[in-house]
Amino acid sequence: MRIVNAAVSVCSPGRAFVTVRIDTDAGISGLGDATLNGRELAVASYLSEHVLPLLEGRDPMATEALWQYLYRGAYWRRGPVTMAAIGAIDIALWDLKAKALDVPLYQLLGGASREKVRVYGHASAGDLDTLCEAVARYRDMGYEAIRIQCTPPGVEHGYGVGKGDLYYEPATPGPRPAEETWSTAHYLDFAPRMFAHVRDAFGWELHLLHDAHHRLTPQEAAWLGQRLEPHRPFWLEDVAPAELQEGYRLIRRHTTVPLALGEVFNSIYDCRLLLTEQLIDYIRATPSHCGGLSHLLKIAHLAEVHHIRTGCHGPTDVSPVAMAAMFHFDLAIHNFGIQEFMRHTEATNAVFPHAYRFEDGFVHPGDVAGLGVDYDEDLARQHPYTPAYLPVAYLDDGTVHNW
Ligand code: CS2
Ligand code: MG
């Protein structure tokens, strides 16, 4: 079997997605997701100008050799654009390989290590009572694990707070990013009260997660971790930026709260120290941003040796193609922890019909050969690309902060 064609397309059924399709002379095709929120066209052009033309005539079953060819062959290593591009090709090749062998992809990643994949949902609101209503809604849908986000009083914009009941979309269409203001002092005062309020209302029946979205320093994160311990969060996510991996030593010394990190990581080198020194508990790297399944498997195996579990990033800005890749991966690897599952809109699901199914707080990837996802290209063409940006955050004196 040989690759005869590889193409990339960008569409916006509610939000933007970058999709790769690889075709073979055997008539089998594979799909990959190259979406990089707010930077979609950079990856699409990296692919169409520099990567896709190299694939024609190659053996699509040689996933590892092709990965190394694209990674080492570029000379310029790593980075979000390169690794999203390689990730999309890698996911498409695994899809193709599983279709060629007529098995669901999880069978090639070790087979099923569990019956189903535990996912967490997103409850968010502008005040605590509405937050509890959202938590109850997710609980009633069967979720056992729920992320709680609430805009702190005194803060103009809270991150992670959805615009509708079930859907969360942080990027806004337009030529420039939205501008938001942030106050760490108000947030630190509020976050422990938010946990206490939700624990009072729901007791211990639910796993509660929370995302600090890179807004704190390690010292502030340590302070927060200590105050959240009595409420036993499932995890505290992205408490501080992690370019300085050593910074997590300080957080770790001061709190036992479980730490999750890595949704913006694009290679194993972003987390080598975090894993080998056991500075985190959950690694959030995701296949479409981190070099695909071939690379993510290496991260997961290094994590397993260090008692760290996975919790892949699964927001709306990852298409159903990469979501399916995660569900197969989650079902197969031993050190799976939990999977983020932000619901896509109906418009997105119509463009990417898929076999994975949510039931009572768990997802199964389905038993269709390959990833179990299709791409309706005619429908996709009816949703042309709409540029959108993630917001930029400022402190109240005008200093740029981390969004
Ligand atoms: C968030 C994301 O899912 C998460 O935990 O941090 O929604 C994140 O804001 C977006 O993926 C950014 O593109
Ligand atoms: Mg996050």
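Preceding this section is the structure that the text describes.
So, how was this worked out
Residues numbered from 1 in each chain as written. Chains lettered and ligands numbered in written order. Predicted model: local features only at pLDDT ≥ 70, side-chain atom pairs only at ≥ 80, totals over all residues. Heavy atoms only, no water. Pairing = 2+ DSSP bridges. Helix = DSSP H or I, 4+ residues; strand = E, 2+ residues; numbered from the N terminus. Axes fitted to C-alpha atoms, helices over the stretch in contact; angles between N-to-C directions. Expected span 1.5 Å × (residues − 1). Buried < 20%, exposed > 50% of the residue type's maximum accessible area, 1.4 Å probe, protein only. Near = heavy atom within 4 Å. Polar contact = N/O pair within 3.5 Å; in protein donor to acceptor, adjacent residues only side chain to side chain. Areas by Shrake-Rupley, 256 points an atom, 1.4 Å probe, with all protein chains shown as cover. Nonpolar A, V, L, I, M, F, W, Y, C, P; charged D, E, K, R; others polar. Donors = N, O, S within 2.8 Å, 3.2 Å for Na, K, Ca; no water. Phe/Tyr/Trp six-rings, centres within 6.5 Å; stacked < 30°, edge-to-face > 60°. Lys NZ or Arg CZ within 6 Å of the ring centre and 35° of its normal. Right-handed = clockwise from strand over helix to strand, strands pointing away.

(A) Spatial organisation of the sheet that holds strand β2 (residues 17–24). If you walk across this open sheet you meet the three strands as β1-β2-β3, and the pairing is antiparallel. Two strands bound the open sheet, and with one partner strand each, they are β1 (3–11) and β3 (29–33). Across the sheet, the mean angle from the axis of one strand to that of its neighbour is 20°, orientation sign disregarded. In this structure, β1 lies alongside β2, joined through eight bridges in antiparallel fashion.

(B) Structural detail: helix α10 (residues 320–332). An ideal rise of 1.5 Å per residue puts 18 Å on 13 residues; α10 measures up with 18 Å between its terminal C-alpha atoms. Here α10 lies mainly inside the structure; 13 of its 13 residues are buried.

(C) Focus on the site of ligand 1. In the vicinity of ligand 1, 15 residues are found, and the nearest of them are His213, Glu237, Glu263, Asp317 and Glu340. Asn37 is positioned with one of its side-chain polar atoms (N or O) 2.9 Å from an oxygen atom of ligand 1. Residue Arg284 places a side-chain N or O atom 3.1 Å away from an oxygen atom belonging to ligand 1. In isolation ligand 1 has 340 Å² of accessible area, and contact with the protein removes 95% of it. Counted by class, the shell around ligand 1 contains five nonpolar, three polar and seven charged residues.

(D) Inspection of the coordination of the magnesium ion (ligand 2) at higher detail. Only Asp211 (OD), Glu237 (OE) and Glu263 (OE) from the protein coordinate the magnesium ion (ligand 2), and they sit 2.0 to 2.2 Å from it. Here the donor residues of the magnesium ion (ligand 2) are spaced in sequence according to D-x25-E-x25-E. Note that Asp211 is positioned in strand β8 (residues 207–211) and Glu237 in strand β9 (residues 235–237), a separation of 26 residues in sequence. Here Asp211 falls in the buried class, since its relative accessible area comes to 1%.

(E) Looking closely at the packing of aromatic side chains. Enumeration according to the criterion identifies 15 aromatic pairs in this entry. Between Phe17 and Phe352, the aromatic rings sit 5.6 Å apart at their centres with planes inclined by 80°, giving edge-to-face as the arrangement. Taken together, the residues Phe17 in strand β2 and Phe352 in the loop between α11 (346–351) and β14 (357–359) connect sequence positions 335 residues apart. Given a relative accessible area of 0%, Phe17 falls into the buried group. Taken together, a centroid distance of 5.9 Å and an interplanar angle of 55° make the contact between Phe234 and Trp235 tilted. Of the two residues, Phe234 and Trp235, both sit in the buried class. Among the aromatic residues, ring-to-ring pairing joins Tyr138, Tyr143, Phe327, Phe341, Tyr356 and Phe358 into one connected group. One Lys or Arg, Arg343, reaches over the ring of Phe358 and ends 4.7 Å from the middle of that ring.

(F) Expanded view of the sheet that holds strand β7 (residues 179–182). The three strands are arranged β7-β17-β18 in an open sheet whose pairing can be described as mixed. Strands with a single pairing partner mark the edges of an open sheet, and in this sheet they are β7 and β18 (400–401). Alignment of strand β17 (residues 392–395) against β18, held across two bridges, turns out to be antiparallel. Residue Tyr394 lies in a different strand from β18, and its bridge partner there is Val400.

(G) Highlighting the pairing of strand β5 (residues 145–150). With respect to burial, β5 is a largely interior element, six of its six residues being buried. Burial of the side chains of β5 extends over both faces: Ala145, Arg147 and Gln149 are buried on one face and Ile146, Ile148 and Cys150 on the other. Sheet topology note: the strand β4 (residues 117–125)/β5 ladder contains six bridges and is parallel. Within β5, the residue paired with Ser124 across the bridge is Gln149. Note that the unit made of β4, helix α4 (residues 128–140) and β5 has a crossover that is right-handed. Here β5 pairs with β8 via three bridges, running parallel. Bridging across to β8, Arg147 finds its partner in Leu209.

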